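Each chain, written out:
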Amino acid sequence: MAASRNAAPRKKPAKADKPKRQKHTKPGGLSMLLRNHQQVAVDSLDRLFSAAAASALTWAMIAIAIALPLFLFLVLQNLQQFGSNIDEATQVSLYMELDTSEAELLTVQNALNSHPTISSTEVISQSQALEEFQALSGFGDVLSGLNENPLPAVIVITPNTEILDQVRSLVEELATIDKVDSVQYDLDWLQRLYEILNLAQRLTLMLGGLLAFGVALVVGNTVRLAIENRRDEIVVVKLVGGTNAYVARPFLYTGLWYGVGGGLLATVLVLLAQLVMQGPVSQLAGLYNGEFVLIKLSLSNIFNVLFLSGFLGWFGAWLSVLRHLKAIEPR
Amino acid sequence: MIKFDAVSKRYPGGHEALSNISFHLEEGAFAFLTGHSGAGKSTLLKLIMQMEKASSGQVFVNNQNLNRLSKRQLPYFRRNIGLVFQDHQLLFDRSVFENVALPLQIAGYDSREAGRRVRAALDKVGLLKKENQNPIALSGGEQQRVGIARAVVNKPALLLADEPTGNLDPQLSAEIMELFEEFNRVGVSVLIASHDLSLIAKLQHRILTLEHGRMIQGATKKTVSDY
């Protein structure tokens, strides 16, 4: 570096037609680097906007590749609400025979309370069951026309175990109790749903990974073309002393903007899909007794998507730069 | 400023572009590099710019041994050399001003200082009024002047030119040479590769002549009048 300092501007006194120059501030340092970054960031975004049609195509491609797994992720999150209710699902319902008296009901309940694998019991008497049914089903009028209450009393049991085999043997045992008509529990199908969701999550992850790789490749290829288009400029820049980092910077920012723009568009797509789905989903949720709440894209989700897509764009550009930029040397 | 010590350059395939070249160009010197096409003029300039590496021997620029120049140092080294091309190598996607500002941008000057220097350089080559034009709209002579402004804007200690008047008529060529002499008068070392012998003969400067990769004239310091 000694040479570069020696080569600072030298003037001979003979040439006096120029105004005497005070010592200029030496370029360099962090502020210069930041200034260059800022300038290049704005400049590369400008370039993308000035070639709007081509850029929009790339952005759309990236957006679709990101929106697809993002949407699946959101759907899974919603479905997992059922899976997370698995605690409730281990509840076992004992439907008593219709001629069971209140006293017999209490006897059974007391016996169950001392059972080693049962943590709590709750009795829903025939009249309580009727009230609940009238309130929720909308068939109240039909029932009031009947002389007898057709609904059985129910004892809801919460086992103190979630191990499926133990719950199953409990269920078998409960079925043999006198005055018990039938035993019902929902664990099996929920367990299945849970596993299916698990599988779907894995598939979404795999699909997401593949599409992310695709995004990096799309950006990489687009940046490769940009590098080709600016070959002359790169040669000149290298000849007048541009470092590899300086030459690479605009392309890395181009990749970043492709990624961020694509991520932004993907977010908009998913938000639109959300809007379209909202009506039907809330109707469906109504049928599920209001327990189901539509999980929407959160602000932190959006932030993560933008960060990730920006990174993917940058990474794709970096791969391209690594491969193609070094090959362009002045000859 | 430039010192070649028994330098040879062989290209892959065995063609020897330069063989055993030794010469020394002092600081502040003005010299022409001449010879028929294919004699090795461009190769010699490329060795100075480190666009090529010498096969054997040593090249010094500004007392720096270029064999010891790392890839990392190369861009910083090049910032001290102004290079003028025959085809001027201007970028047509930006204005004259932005073309000349490029080396300053790379070196990290702030825009005010850069603007001042660019205008000074454009003023020097007489194109201050055309700073906002696209270089494609300029004549060949003007384009070459923009190329020269870009080469000197960073105030390099050494100015290299590869056939700078190759595409210009004698009148314009003489003007361009005058410009180089002006820079030389303020202390810039100048080395110009040219085969325009009639033009060179009019100017009283040292001449280095290459023939088939050998330096047949000018290796020791003499001016043209000595021959």
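This is a predicted model, so every value here is computed, not measured.

Asker: How would you summarise the overall build of chain B if you had to cite specific residues and measurements?
Answerer: Of regular secondary structure, chain B possesses 7 helices and 10 strands. Here the C-alpha atoms of chain B give a radius of gyration of 17 Å, agreeing with the 17 Å that 2.2 N^0.38 yields for 227 residues. Reported as C-alpha extents along the three principal axes, the dimensions of chain B are approximately 45 × 40 × 35 Å. The contacts in chain B between residues at least 6 apart in sequence include a share of 68% that link residues at least 24 apart.

Asker: Explain the confidence of the model for chain A to me, using residue names and the numbers behind them.
Answerer: Residues and elements named next belong to chain A. When the pLDDT values of chain A are averaged, the result is 81; 84% of them are 70 or greater. Within chain A, no element has a lower average pLDDT than helix α1 (residues 2-6), which sits at 41, and none a higher one than helix α12 (residues 299-324), at 94. Here residues 1-25 is a poorly scored stretch, pLDDT under 50, and it has 27 contacts once near neighbours within four places are set aside; other chains count.

Asker: Explain the environment of Gln105(B) to me, and be specific about the residues and the numbers.
Answerer: Structurally, Gln105(B) can be placed in helix α3 (residues 96-107). Along the sequence, Gln105(B) and Leu197(B) sit 92 residues apart, while their C-alpha atoms lie 37 Å from each other.

Asker: Go over the packing of helix α2 (residues 29-50) of chain A against helix α11 (residues 244-287) of chain A with me, naming the residues and quoting the values.
Answerer: Residues and elements named next belong to chain A. Where α2 contacts α11, the two axes come as close as 9 Å, and the packing angle between them is 60°. Considering the angle they form, α2 stands oblique to α11. The way α2 lies across α11 gives a crossing that is right-handed. For the pair formed by α2 and α11, the contact residues are Val40, Ala41, Asp43, Ser44, Leu45 and Leu48 on the first element and Arg249, Pro250, Tyr253, Thr254 and Trp257 on the second. Among the residues making up the contact of α2 with α11, the classes are represented as 7 nonpolar, 2 polar and 2 charged.

Asker: Quick rundown of helix α5 (residues 140-152) of chain B? Include the residues and the values.
Answerer: Residues and elements named next belong to chain B. Given a rise of 1.5 Å per residue, 13 residues ought to cover 18 Å, and the 19 Å separating the end C-alpha atoms of α5 matches this to within 8%. Burial analysis of α5 places 10 of its 13 residues in the buried class, the great majority of the element. Where α5 is buried, its residues meet β6 (81-84), α3, α4 (111-124), β7 (158-162) and α6 (170-185).

Asker: Can you lay out the pairing of strand β10 (residues 214-217) of chain B for me, pointing to particular residues and giving the numbers?
Answerer: All names here are of chain B. Taken together, the 3 bridges between strand β9 (residues 206-211) and β10 define a ladder with antiparallel strand orientation. Residue pairing in the sheet places glutamate 211 in a bridge with arginine 214 of β10. What sits between the antiparallel neighbours β9 and β10 is a turn of 2 residues, in which histidine 212 has the positive phi angle 50°.

Asker: Can you explain the packing of α11(A) against α12(A)? Please cite residues and give values.
Answerer: Residues and elements named next belong to chain A. Packing of α11 against α12 brings their axes to within 7 Å, and their N-to-C directions diverge by 145°. Between α11 and α12 lies a crossing of right-handed hand. Taken together, the residues that form the contact of α11 with α12 break down as 17 nonpolar, 10 polar and no charged.

Asker: Describe the sheet that holds strand β4 (residues 56-61) of chain B, and please don't skip the residues or the numbers.
Answerer: All names here are of chain B. The strand order β2-β1-β4-β5 describes an open sheet built from 4 strands, whose pairing is antiparallel. The open sheet terminates on both sides in strands that have one partner only, identified here as β2 (16-25) and β5 (64-65). Lying over the sheet, helix α1 (residues 41-49) contacts β1 (2-10), β2 and β4, oriented at roughly 115° with respect to β1.

Asker: Provide a residue-level description of the domain arrangement of chain A, including the pertinent values.
Answerer: Split into domains, chain A comes out as domain 1 (34-85 + 192-324) and domain 2 (92-185). Here the C-alpha centre of domain 2 of chain A lies 52 Å away from the C-alpha centre of domain 1 of chain A.

Asker: I'd love a proper account of the sheet that holds β9(B), names of residues and values included.
Answerer: Residues and elements named next belong to chain B. Strand order in this open sheet of 6 strands is β6-β7-β8-β3-β9-β10, and the pairing throughout is mixed. Strand pairing shows two members of the sheet lacking a second neighbour, β6 and β10, which therefore form its edges. Each adjacent strand pair in this sheet contributes to an overall mean axis angle of 20°, direction not counted. Those strands touched by α1 are β3 (30-34), β6, β7, β8 (189-193) and β9, and its axis lies near 150° from that of β7. Its contacts with the sheet place α6 against β3, β7 and β8, and it is angled at close to 155° to β8.

Asker: Explain the confidence of the model for chain B residue by residue, including any values.
Answerer: As a general rule, the predicted coordinates of low-pLDDT regions are not to be interpreted in detail. Residues and elements named next belong to chain B. Taken as a whole, chain B shows an average pLDDT of 88; of its residues, 96% reach a score of 70 or greater. Ignoring residues within four places in sequence, the model shows residues 223-227, a span with pLDDT below 50, making 8 contacts including any to other chains. Quick note on the complex model: pTM equals 0.73, ipTM equals 0.87.

Asker: Let's hear about the environment of Ala63(A): which residues, and what values?
Answerer: Checked against the element boundaries, Ala63(A) lands in helix α3 (residues 52-84). Those residues in contact with Ala63(A) that sit more than four places away from it in its chain are Gly262(A), Leu265(A), Ala266(A) and Leu269(A).

Rules used in this analysis
Residues numbered from 1 in each chain as written. Chains lettered and ligands numbered in written order. Predicted model: local features only at pLDDT ≥ 70, side-chain atom pairs only at ≥ 80, totals over all residues. Helix = DSSP H or I, 4+ residues; strand = E, 2+ residues; numbered from the N terminus. Rg over C-alpha atoms; globule rule 2.2 N^0.38 Å. Contact = placed C-beta atoms within 7 Å. pLDDT = per-residue confidence, 0-100. Axes fitted to C-alpha atoms, helices over the stretch in contact; angles between N-to-C directions. Parallel < 35°, antiparallel > 145°, perpendicular 65-115°, else oblique. Left-handed = near helix turned anticlockwise from the far one by under 90°. Nonpolar A, V, L, I, M, F, W, Y, C, P; charged D, E, K, R; others polar. Expected span 1.5 Å × (residues − 1). Buried ≥ 20, exposed ≤ 12 C-beta atoms within 10 Å, placed from the backbone. Pairing = 2+ DSSP bridges. Domains from an automatic or database assignment.

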